[in-house]
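One letter stands for each residue in the lines below.
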Protein chains: 8
Amino acid sequence: ARTGIPEAILAEGKDPLAVAEIFERYARSGDQLIATRVTAPVLDALRPQLDGLQHYKVARIVSTRPPEIDNDRATVCVISAGALDRPVAEEVAVTSRLLGNPTREIFDVGVAGLNRLVVELGTIEKAGILVVVAGMDGALPSVIGGLASQPVIAVPTSVGYGTSFKGVAALLTMLNACSPGTGVMNIDNGFGAAVLATKINQFGQRVSAGLRE
Amino acid sequence: ARTGIPEAILAEGKDPLAVAEIFERYARSGDQLIATRVTAPVLDALRPQLDGLQHYKVARIVSTRPPEIDNDRATVCVISAGALDRPVAEEVAVTSRLLGNPTREIFDVGVAGLNRLVVELGTIEKAGILVVVAGMDGALPSVIGGLASQPVIAVPTSVGYGTSFKGVAALLTMLNACSPGTGVMNIDNGFGAAVLATKINQFGQRVSAGLRE
Amino acid sequence: ARTGIPEAILAEGKDPLAVAEIFERYARSGDQLIATRVTAPVLDALRPQLDGLQHYKVARIVSTRPPEIDNDRATVCVISAGALDRPVAEEVAVTSRLLGNPTREIFDVGVAGLNRLVVELGTIEKAGILVVVAGMDGALPSVIGGLASQPVIAVPTSVGYGTSFKGVAALLTMLNACSPGTGVMNIDNGFGAAVLATKINQFGQRVSAGLRE
Amino acid sequence: ARTGIPEAILAEGKDPLAVAEIFERYARSGDQLIATRVTAPVLDALRPQLDGLQHYKVARIVSTRPPEIDNDRATVCVISAGALDRPVAEEVAVTSRLLGNPTREIFDVGVAGLNRLVVELGTIEKAGILVVVAGMDGALPSVIGGLASQPVIAVPTSVGYGTSFKGVAALLTMLNACSPGTGVMNIDNGFGAAVLATKINQFGQRVSAGLRE
Amino acid sequence: ARTGIPEAILAEGKDPLAVAEIFERYARSGDQLIATRVTAPVLDALRPQLDGLQHYKVARIVSTRPPEIDNDRATVCVISAGALDRPVAEEVAVTSRLLGNPTREIFDVGVAGLNRLVVELGTIEKAGILVVVAGMDGALPSVIGGLASQPVIAVPTSVGYGTSFKGVAALLTMLNACSPGTGVMNIDNGFGAAVLATKINQFGQRVSAGLRE
Amino acid sequence: ARTGIPEAILAEGKDPLAVAEIFERYARSGDQLIATRVTAPVLDALRPQLDGLQHYKVARIVSTRPPEIDNDRATVCVISAGALDRPVAEEVAVTSRLLGNPTREIFDVGVAGLNRLVVELGTIEKAGILVVVAGMDGALPSVIGGLASQPVIAVPTSVGYGTSFKGVAALLTMLNACSPGTGVMNIDNGFGAAVLATKINQFGQRVSAGLRE
Amino acid sequence: ARTGIPEAILAEGKDPLAVAEIFERYARSGDQLIATRVTAPVLDALRPQLDGLQHYKVARIVSTRPPEIDNDRATVCVISAGALDRPVAEEVAVTSRLLGNPTREIFDVGVAGLNRLVVELGTIEKAGILVVVAGMDGALPSVIGGLASQPVIAVPTSVGYGTSFKGVAALLTMLNACSPGTGVMNIDNGFGAAVLATKINQFGQRVSAGLRE
Amino acid sequence: ARTGIPEAILAEGKDPLAVAEIFERYARSGDQLIATRVTAPVLDALRPQLDGLQHYKVARIVSTRPPEIDNDRATVCVISAGALDRPVAEEVAVTSRLLGNPTREIFDVGVAGLNRLVVELGTIEKAGILVVVAGMDGALPSVIGGLASQPVIAVPTSVGYGTSFKGVAALLTMLNACSPGTGVMNIDNGFGAAVLATKINQFGQRVSAGLRE
Ligand SMILES: Nc1ncnc2c1ncn2[C@@H]1O[C@H](COP(=O)(O)O)[C@@H](O)[C@H]1O
Ligand SMILES: Nc1ncnc2c1ncn2[C@@H]1O[C@H](COP(=O)(O)O)[C@@H](O)[C@H]1O
Ligand SMILES: Nc1ncnc2c1ncn2[C@@H]1O[C@H](COP(=O)(O)O)[C@@H](O)[C@H]1O
Ligand SMILES: Nc1ncnc2c1ncn2[C@@H]1O[C@H](COP(=O)(O)O)[C@@H](O)[C@H]1O
Ligand SMILES: [Mg+2]
Ligand SMILES: [Mg+2]
Ligand SMILES: [Mg+2]
Ligand SMILES: [Mg+2]
Ligand SMILES: [Mg+2]
Ligand SMILES: [Mg+2]
Ligand SMILES: [Mg+2]
Ligand SMILES: [Mg+2]
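Everything numeric in this text was worked out from a predicted model, so none of it was measured.

Caption draft 1: A look at the interface of chain A and chain D. In this assembly, 43 residues from chain A lie in contact with 43 residues from chain D. Linking chain A to chain D there are zero salt bridges. Seen at the junction of chain A and chain D, the total is three residue pairs in polar contact (both at pLDDT 80 or more). Mapped onto the side of chain A that touches chain D, the elements with two or more residues apiece are helix 6 (140-147), helix 7 (168-175), strand 9 (182-184) and helix 8 (190-208) of chain A. Per-element accounting of the side of chain A that touches chain D gives the leading share, 12 residues, to helix 8 of chain A. Of the residues assigned to the side of chain A that touches chain D, the class counts are 18 nonpolar, 17 polar and eight charged.

Caption draft 2: Representation of the site of ligand 3 in the model. Around ligand 3 lies a shell formed by E:A8, E:I9, E:L10, E:K14, E:T36, E:E91, E:N189, E:F191, G:Y161, H:C178 and H:P180. Near ligand 3, residues from chains E, G and H are present, making the site a shared one. At 3.2 Å, a side-chain N or O of E:N189 approaches a nitrogen atom of ligand 3. When residues of the shell around ligand 3 are assigned to their parent elements, the largest contribution, three residues, is made by strand 1 (residues 7-10) of chain E. Grouping the constituent residues of the shell around ligand 3 by class yields seven nonpolar, two polar and two charged.

Caption draft 3: A look at the sheet that holds strand 3 (residues 54-56) of chain C. Residue and element names in this part refer to chain C. Spatially, the four strands line up as an open sheet ordered 1-2-4-3, and their pairing is mixed. Looking at the sheet topology across the chains shown, the edges are occupied by strand 1 (7-10) and strand 3. Across the sheet, the mean angle separating the axes of adjacent strands is 15 degrees when strand polarity is ignored. By the bridge criterion, four bridges tie strand 1 to strand 2 (residues 33-36) in an arrangement that is parallel.

Caption draft 4: Spatial organisation of the pairing of strand 8 (residues 152-156) of chain H. Residues and elements named next belong to chain H. Most of strand 8 is tucked away: five of the five residues are buried. Burial along strand 8 is two-sided: the residues V152, A154 and P156 and I153 and V155 are all buried. Pairing of strand 7 (residues 129-134) with strand 8, which is carried by five bridges, proceeds in the parallel orientation. Among the inter-strand pairings, L130 is bridged to a residue of strand 8, identified as V152. Read as a crossover between parallel neighbours, the route from strand 7 over helix 6 (residues 140-147) to strand 8 is right-handed. Inspection of the sheet shows strand 8 paired to strand 9 (residues 182-184) by three bridges, in the parallel sense. Across the sheet, I153 pairs through a bridge with G183, a residue of strand 9. The parallel pair strand 8 and strand 9 is bridged by helix 7 (residues 168-175), and the resulting crossover is right-handed.

Caption draft 5: Summary view of the domain arrangement of chain A. All names here are of chain A. Domain parsing of chain A yields domain 1 (7-63) and domain 2 (76-206). A straight line from the C-alpha centre of domain 1 to that of domain 2 covers 26 Å. Both sides of the domain 1 and domain 2 interface together cover about 930 Å² of buried area, and 70% of this is carbon and sulfur. In terms of surface lost to domain 2, no three residues of domain 1 exceed I34, R37 and V58, which account for 40% of the buried area on that side. Run the count over domain 1 and domain 2 and you get one salt bridge.

Caption draft 6: Structural detail: the relation of the copies chain A and chain D. If you rotate chain A by 180 degrees and push it 0.0 Å along the axis, it lands on chain D with an RMSD of 0.0 Å. Viewed as a symmetry operation, the transformation between the two copies matches a two-fold axis.

Caption draft 7: The site of ligand 4, seen in detail. By nearness alone, every residue bordering ligand 4 is listed as F:A8, F:I9, F:L10, F:K14, F:T36, F:E91, F:N189, F:F191, G:C178, G:P180, H:A83 and H:Y161. Nearby residues around ligand 4 are contributed by chains F, G and H. In the environment of ligand 4, a nitrogen atom lies 3.2 Å from a nitrogen or oxygen atom belonging to the side chain of F:N189. H:Y161 places a side-chain nitrogen or oxygen 2.3 Å from a nitrogen atom of ligand 4. In the complex, 78% of the free accessible area of ligand 4, which totals 500 Å², lies under the protein chains. Broken down by element, the residue count for the shell around ligand 4 peaks at three residues, all from strand 1 (residues 7-10) of chain F. In terms of domain composition, the shell around ligand 4 takes at least three residues from each of domain 1 (7-63) and domain 2 (76-206) of chain F.

Caption draft 8: Fine view of the interface of chain G and chain F. With 43 residues of chain G in contact, the opposing surface of chain F contributes 43 residues. Put simply, chain G and chain F have zero salt bridges between them. The interface formed by chain G and chain F contains three residue pairs in polar contact (both at pLDDT 80 or more). When residues of the side of chain G that touches chain F are traced back to their parent elements, those giving at least two are helix 6 (140-147), helix 7 (168-175), strand 9 (182-184) and helix 8 (190-208) of chain G.

Caption draft 9: Main features of the packing of helix 3 (residues 86-98) of chain A against helix 8 of chain A. All names here are of chain A. Packing of helix 3 against helix 8 leaves a shortest axis separation of 8 Å and a crossing angle of 35 degrees. Helix 8 is crossed by helix 3, and the crossing has right-handed handedness. Contact with helix 3, carried on its side by V88, E91, V92, T95 and S96, involves G190, F191, A193 and A194 of helix 8 and no other residues of that element. Each residue belonging to the contact of helix 3 with helix 8 can be placed in one class, and the counts come to five nonpolar, three polar and one charged.

Caption draft 10: Expanded view of the environment of B:T173. Checked against the element boundaries, B:T173 lands in helix 7 (residues 168-175). Owing to a relative accessible area of 0%, B:T173 belongs among the buried residues under this scheme. Residues B:T173 and B:R47, 126 residues apart in the sequence, show an inter-C-alpha distance of 40 Å. Not counting residues within four places of it along the chain, the set of residues in contact with B:T173 comprises A:D137, A:T173, B:D137, B:G138, B:A139 and B:S142.

Conventions we followed
- Residues numbered from 1 in each chain as written.
- Chains lettered and ligands numbered in written order.
- Predicted model: local features only at pLDDT ≥ 70, side-chain atom pairs only at ≥ 80, totals over all residues.
- Heavy atoms only, no water.
- Contact = heavy atoms within 4.5 Å.
- Salt bridge = Lys/Arg side-chain N within 4 Å of Asp/Glu carboxyl O.
- Polar contact = N/O pair within 3.5 Å; in protein donor to acceptor, adjacent residues only side chain to side chain.
- Helix = DSSP H or I, 4+ residues; strand = E, 2+ residues; numbered from the N terminus.
- Nonpolar A, V, L, I, M, F, W, Y, C, P; charged D, E, K, R; others polar.
- Near = heavy atom within 4 Å.
- Pairing = 2+ DSSP bridges.
- Axes fitted to C-alpha atoms, helices over the stretch in contact; angles between N-to-C directions.
- Buried < 20%, exposed > 50% of the residue type's maximum accessible area, 1.4 Å probe, protein only.
- Right-handed = clockwise from strand over helix to strand, strands pointing away.
- Domains from an automatic or database assignment.
- Buried area = accessible area lost by both parts, 1.4 Å probe.
- Least-squares fit on C-alpha atoms with pLDDT ≥ 70 in both.
- Areas by Shrake-Rupley, 256 points an atom, 1.4 Å probe, with all protein chains shown as cover.
- Left-handed = near helix turned anticlockwise from the far one by under 90°.

Shown next as structure tokens:
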């Protein structure tokens, strides 16, 4: 927590019993612990203590404590393109809330049907920080970046087939986005996007508090 | 010309004198000959006979005869994203005209400023076939494909730097376009796009003539 | 359906129950709904209502309504190279029919035995639009494109091993096809090929109806 | 300037005369215009009017107007790893200043000699936003991200040889940075990094002004 | 054993019964045999004789004989970055011991928390040869190489997701390490790293014995 | 010449003076020396002695001695697809002759116009060994391999642009050729193809001489 | 069988029942049919008729008829590097015999222990055609090609891990083999290697029969 | 020099005047400074002071002081495969000497002619540390590693064409070398190889001095 972010572990691939043990320790101490990419075997190992934990199924996240939203922060708006991008989009949203950010979701507004996006432009304008999640052609951040003035964090997902190359196509689109000023994350890294959004939000609070650097 | 398309050569890399000789032959016979990707040395070799030829500088095309537009065909609309995409976009437009298609250009309407595109939507709607040219993120065909009902031909360009990988990023975006039904060309292949547009236009004429297959 | 194509979903990776629910809704309203890449778990979830639906096993497609062929359109001819390309080739053919196109299949005429292709040249000549499906070396569209004058849509398949790189080799062959004017689709994207063929066919109808643009 | 960023053009590859013309227009109107990646031929075309323009040689930037620093904003700290990363690092710093940010440079503090970095930790701590520029192994953002709590923007450079693959190695390192919450830019995209830093700074000002969203 | 290294087999992919047979043969003769990457089926085939063998579970290694440490050699220090790198790090450490080297482990000291590494610097300084194991960004050898003067052997692991590309990102980081003089191994090749460390240690012994070449 | 092939050097990249010196030595001894990929600076260094050497301009080959054809061998038939493939095709043909093989050329019979190939089928049938040279889609060996029963050696060339990836697309097509039994060479390696053809021809002579192994 | 090679099918991925049916047909007619890459489900479908067929387990091949060796042909010598390369090496050897070639196997003579190879040099020298099978570094054909004068066919295998990239490393080694005149096959394509060896052998017979072309 | 290695700079790409200035400073102080990859413009800038410096032309190295060989160290033996690998091989040898190691060169002993290598085996056996330099197929370290028991450092070079991919093929071969215990460097990184060899040699001296860790 040295950098103001609670302890977080990537559960996938870890020994389920070891993960369960860490959760017991944190639950006892009352500290926040966040596990992302919680797989079925890890969930099984957590079963006995799951009642006392927070479990977000689609986001594949387990935490010791529920979110405590800091209402002095700006809203993080999570925008996603397609139905299959939802697990990553929820990883962003749940993590964002667990890290204290007021968070809003606008899902399924991909580039193939711009009308759905247009309807949401008012909501998007009111947000403080935008996180855009998209797979396949990964074109959504290019469009959002051309319309909005907020900081944009782009998360490519591994959704697609063939030449989507498990997210590489979307990643390249985002790195080459014609609308400049988009920060790009690793493929499927919803957690990292939420951390960066939190750091930007904390920066805003420091500035606001006159702790301008 | 077995397939209804006049003879065309890719000049780049060819022996300039050999290219000049072919042009002399075609000029004599009065047949149409199109050379694309005409480089400086080829142009130098053509210099003595250039007065009798058609030269399209930006498109890097030389032909023996001027376009003869077949006004019974539908309009091919060439839409391009950025200023640097212009040589390829002009290769599409000039070739399209040399192959007889009524052709229209809408340039510089990239995704970073959707407003410029919105202004042109009326014109786009009236076209018969759309050819969309874009480099960098290559996102323009995804957006057009979501808005229009015509056949869309997408041409990635080698414009960009770093992870644009000389057009590969744009190509992948187009192959993964969320709006289905886009036919993709090789990187910078404006010529091929115009040929496909012509074949679609000729198909329309055959259908119209009751030569429905 | 804004662009004249009925609603279609890519079932693979989606929550089977969610897919089943959408099908119930569309079946009730009587609207056409097409699901491609229907996997075993999705099929299981659809089982209770499958009697009222159309199921195309090899093509892995389920739809609410049977095809309604528009006999005023030109024939879409689906040509495939090898036995293993059949699922993608059938995805093209079934989608093409569900989108209303008279459709014909010429399967197993790969480049390794050109004689089998030669026999079919008469049939191919009579078609309006050609969709060519091939894996491994992906050489078939190059050959067809050199013989035919119709618009050619090329679909690389992930068939092959080693350096076929799950369809990348076939894709590159098609993008570099020496016979110009081929529009290329994403690997295994039979659905998109049928959509583009339909758009070309609808274009022909608009031209024929004097709605020339 | 719709998104609060002055007009900017990527000069490289553009027609030098066209670039010169735009500069004349902007100089006349007194508006800010920024050209990045100004190559020798472009500079030659600008020569007649260069006295009235701002020219940043190492950064390869030309602008119509000098920076106007907004001292109410937080400091953007540009940290770079090696001597060869300097052109990109200066592109970040100059753009950052031209966009109004108080900006500081800490150059040549690469991972191979951590002691040089340690000396600067106090300065880094006082900054509001960190932009880290590195080529070759691209390891610097991982280290900075583990030490600092501010938002980190990482810019891979094309510096290196062999398996640096013109910046791809550094890019991958940054996308996989073990310290979460780093936003990554395209290779050599110093301009984009400065734009994102500016957007974060503007966000801080909006929050500070009570325009919290 | 021609090169002073006992017989070793890579068990993964081999016929389990054939592996079991070789072990029986070596156990009978009393010679050392090391099997790495022992998978579940191989372990099953070894079950009947496992009591007489050495089995290292996390390292996935089985050997006929226990380590015989040569205390005249320098210490090989195995340093790893993250929790998930442990199987490869243990493959290094166990193999190193089985090949006779005094061996020490410093695990979980990744770049994201340099403080954990700093604590261990004294121990690291006392070692003779350093083997550094890291996945994801693979940045740890760059940092160690900048701090230490011993020979450094770097082992990239396949730990990570998305653009870690199963270890390629870490491999590239290591090949481009800014601190020169790091020898890099194939991804996940802990065995090879231990062999090279052993050869360096044996070289030290030969020099020490006056067998200087 | 240990393997029955005269000394050959790849001139490109070598010190021109060093190449000239070797030629002087071989010319004096009267032995055959073949230099491939002779660049302009190498040619300049050879200029003083060029009169006594054989120079093949398009093939970029210089040799000390003219070909001595062994008429007891079978004919090597070199078939190429496009005009730009000629330098590599000539490298095959010239080397083949210098190595003693009766050699025939059939150029410009690419897949885009199968009729040109059909005309040559009689000649092809009479050859003993086929070397097929093609760039871009590299489809020609697939077609030839389906028609002929001789051993086929395929040489991809770096001809093309965009996704031809300097010959990689053609190489992959050839490695995946649907007609089995094609041996593939490195991109642009006309020399190696001629060596393999020679080894096959020498094998035929050994068999014929009753030296059957 | 147009090209003198019996019918052969790649069973992997094919419908098992369809494969079984073809085998019944060929068994009835008494014609030779070869299936390679026979997977467990295909084998199950063949079970009822397996007694009447030839089954080669390690080679994963089933055929209707046993080999009929043509003793007038030269010997095909199959040389492989490591234990894990055996399935591909056996695919070469079994196919080679089924196609009528006297065939010899020299297995496990990889570059890591050149002494094992040296022992076999006499046998290798007596063979007519060499097929070299290797995974991992794929270095064996380079060594063999430097020692032998026969035609060499190189088959990379997918054996290895990490940067072996499922055979790509071995493939590249073989394409770049310093000893010129090696024909390379697709990864794991033992069948194709045997076909090419057969074509070379048939060529030798035609030459021997005075049917020199 | 914190790690016992004198200051070294990579000159390529650096400002020639800046390089010249550093050399003046080091020359004045009498300290050792090594510049590698010295390009023509850098050499021009150094011209006025070149008389007082050491210049190694083929190795492209300039240093302030000549080598001071430490004869208590073991010999570093630099082995290279082809003529074109010489610049990198000399970069290893010159750097090795400048870092104080007794150094020996065995050049042009590539795998295509193993006999040349066999002659040198005695010399190789007497060396303490082996550095093997090879391009194209990069097979030489595999062979050396199978014959020798010393630590092997492998340096891939960018020598080759087509699928050598500027050294990637050689790099992959080395990373997958069947003879375990080879440490691999970045492509063309002769300097790094010499540094690692020096660290191993210094390790040997520390062990020998009883400073065993
Ligand atoms: N989904 C995720 N993607 C990337 N990093 C993560 C994710 N979840 C947790 N982390 C980070 O992974 C690190 C935990 O690594 P470990 O100690 O190996 O579990 C912490 O720095 C987390 O911040
Ligand atoms: N810019 C271009 N891109 C792709 N193909 C082209 C281009 N220009 C001409 N072609 C085609 O290239 C072929 C000419 O090849 P060649 O005979 O080698 O000059 C013809 O089939 C043309 O249709
Ligand atoms: N984990 C490993 N990674 C790389 N090589 C290994 C590994 N384990 C054993 N080996 C080597 O693999 C070779 C054994 O190959 P094989 O004879 O095919 O089992 C020996 O040279 C071992 O030294
Ligand atoms: N164009 C070529 N492509 C590939 N190998 C070649 C070529 N020309 C000559 N060679 C081979 O390259 C080797 C000569 O290498 P070097 O001694 O470095 O000149 C010999 O084995 C030749 O057989
Ligand atoms: Mg999108
Ligand atoms: Mg665009
Ligand atoms: Mg085919
Ligand atoms: Mg760094
Ligand atoms: Mg690390
Ligand atoms: Mg071809
Ligand atoms: Mg080998
Ligand atoms: Mg070599």
